[in-house]
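# Coordinate analysis (summary)
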Amino acid sequence: MRILFMGTPEFAVSSLKKLQENHEVLAVFTKVDKPNQRGKKIQYTPVKQYALEHHLEVLQPNSIRDMEVIQKIRDYHPDLIVVVAYGKILPKEVLELPKYGVINVHSSLLPKYRGAAPIHASIIHGEKESGVSIMYVVEELDAGPVLAQSIVEILEEDNCASLHDRLQEVGANLLIETIRNMEKQQIQAIPQDEAKVTFVKPFRKEDCKICWNQSAREIFNFVRGMDPFPGAFTMYRGKQLKIARVEEEKEGKLQGKAGEILSYIKGKGVLVATGSGNVIITKAKPENKKMLSGVDLINGNFLQEGEHFE
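Residues numbered from 1 in each chain as written. Predicted model: local features only at pLDDT ≥ 70, side-chain atom pairs only at ≥ 80, totals over all residues. Heavy atoms only, no water.

## Regarding the overall build of the chain
Basically, it comes down to this: Helical segments are the DSSP runs of H or I of at least four residues, strand segments are the runs of E of at least two, and each set is numbered from the N terminus. Here's how the labels work: a residue is buried when its accessible area is under 20% of the maximum for its type, exposed when over 50%, partly exposed in between, all with a 1.4 Å probe on protein chains only. Contact criterion: two residues are considered in contact whenever any of their non-hydrogen atoms come within 4.5 Å of each other. Under the convention used here, a 1.4 Å probe and the Shrake-Rupley method define accessible areas, while residue burial counts only the protein chains that appear.
The number of helices and strands found in the chain is eight helices and 17 strands. Taken along its principal axes, the extent of the C-alpha atoms in the chain is 65 × 45 × 30 Å. Buried residues in the chain amount to 48% of all 310 residues. Across the chain, the fraction of contacts at a sequence separation of at least 24, relative to all contacts at a separation of at least 6, is 62%. When the accessible surface of the chain is split by element, carbon and sulfur atoms take 48% of a total near 16000 Å².

## Looking at the nonpolar core
Rules: We call a set of buried residues a nonpolar core when its members are Ala, Val, Leu, Ile, Met, Phe, Trp, Tyr or Cys and they connect through side-chain atoms within 4.5 Å of each other.
Counting 35 residues, the largest nonpolar core has Phe 5, Leu 19, Val 82, Ile 103, Ile 134 and Ile 179 as the members making the most contacts within it. A total of eight residues in this core trace back to one element, the largest contributor, which is helix α6 (residues 160-183). Beyond its immediate sequence surroundings of up to four residues, Val 82 is in contact with Ile 3, Leu 4, Phe 5, Met 6, Leu 19, Ile 103, Leu 175 and Ile 179.

## Quick word on the pattern of salt bridges
How we decide: Salt bridge, as used here, is a side-chain nitrogen of Lys or Arg placed within 4 Å of a carboxyl oxygen of Asp or Glu.
Counted by the stated rule, this structure contains 15 salt bridges. One salt bridge connects Glu 57 with Lys 72, and the closest N-O pair in it is separated by 3.9 Å. Here Glu 57, found in the loop between α2 (46-53) and β5 (58-59), pairs with Lys 72, found in helix α3 (residues 67-76); they are 15 residues apart in sequence, far enough to count as distant. Among the residues examined, Glu 57 registers a relative accessible area of 37% and is labelled partly exposed. Residue Lys 72 is classed as partly exposed on the basis of its relative accessible area, which comes to 34%. With a shortest N-O distance of 3.6 Å, Arg 204 and Glu 206 are connected by a salt bridge. There is no split in this pair, since Arg 204 and Glu 206 are both exposed. What you see here is one network of salt bridges that share partners, running through Arg 114, Glu 140 and Glu 194.

## Some remarks on the packing of helix α1 (residues 10-22) against α2
Let me state the cut-off plainly: Each axis is a line fitted through C-alpha atoms, and for a helix only the stretch in contact is used; angles between axes span 0 to 180 degrees, taken between their N-to-C directions. Each angle gets one of four labels, with under 35 degrees taken as roughly parallel, over 145 as roughly antiparallel, 65 to 115 as roughly perpendicular, and the rest as oblique. Crossing handedness follows the turn of the near helix against the far one: under a right angle anticlockwise gives a left-handed crossing, and clockwise gives a right-handed one. Under the grouping applied here, Gly and all other residues not named as nonpolar or charged are polar, the nonpolar ones being Ala, Val, Leu, Ile, Met, Phe, Trp, Tyr, Cys and Pro and the charged ones Asp, Glu, Lys and Arg.
Running from amino to carboxyl end, α1 crosses α2 at an angle of 30 degrees, the nearest separation of the two axes being 8 Å. What the angle tells us is that α1 and α2 run roughly parallel. Remark: the crossing between α1 and α2 carries right-handed chirality. Facing α1, whose interface residues are Glu 10, Ala 12, Val 13, Leu 16, Lys 17 and Gln 20, α2 presents Pro 46, Val 47 and Tyr 50. Grouping the amino acids of the contact of α1 with α2 by side-chain chemistry returns six nonpolar, one polar and two charged.

Next up, the structure:
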């Protein structure tokens, strides 16, 4: 099948790779390059990096709604357009072009967690399973009929990165299977149940701050759902402390006010009170310091017993 691919982040690369192995990829659309965090060097998107390494044509229009861009897409005569976390809303003129339509690989079990950060959200909300949905793209965000889904278990040890990596592989394989079934006309598009729709907005900085009034379980899920990016944080002595990993304390006897540093747990880390139960900080990064283990936090006297996080 003749396919145009549209995607940007690492999550999209596995799908592009599978498509190239099984179909004719006409060209790759990805978002415009941005400077790296230090602002000194232009950083290619992961999709662009892969495409260039595998000799695929790359297009990075500022607007997918520009009539010249739409004509360019038309000139490719694609049978199908595949979108994976492209980051742009496609206009009706593009959606109506391909014979088989436009389909999207989305990292949630739709209609739950439409929007920008479904992998984070599934962990933060304590879900036991996540998954991938293949759907038709319509003008409304993530609202198209679903063609296929695959469920993935969320493990206790998962963080956003580990779940992301499993989902991108599952999504790539499901994409190939879905296209095969589309070619055979052995697939049914099922409308989403609008009564069950939930949305996830992009994270702002203030959304990443730990609320110590939450329970130990909620904080455990929040921290691992934000790890490694954008990262959960708290304030200590007026400075930001990024917290990358916590454990729930089992059968703890110490009690304190939410956010209070209760004690040191030998060989593990720093015990902190929450709104219900306690957690042990086992990995954190003080401002302008490297990432430290819980043991290093204790040995370096970075956190003092009896003090509180803001």
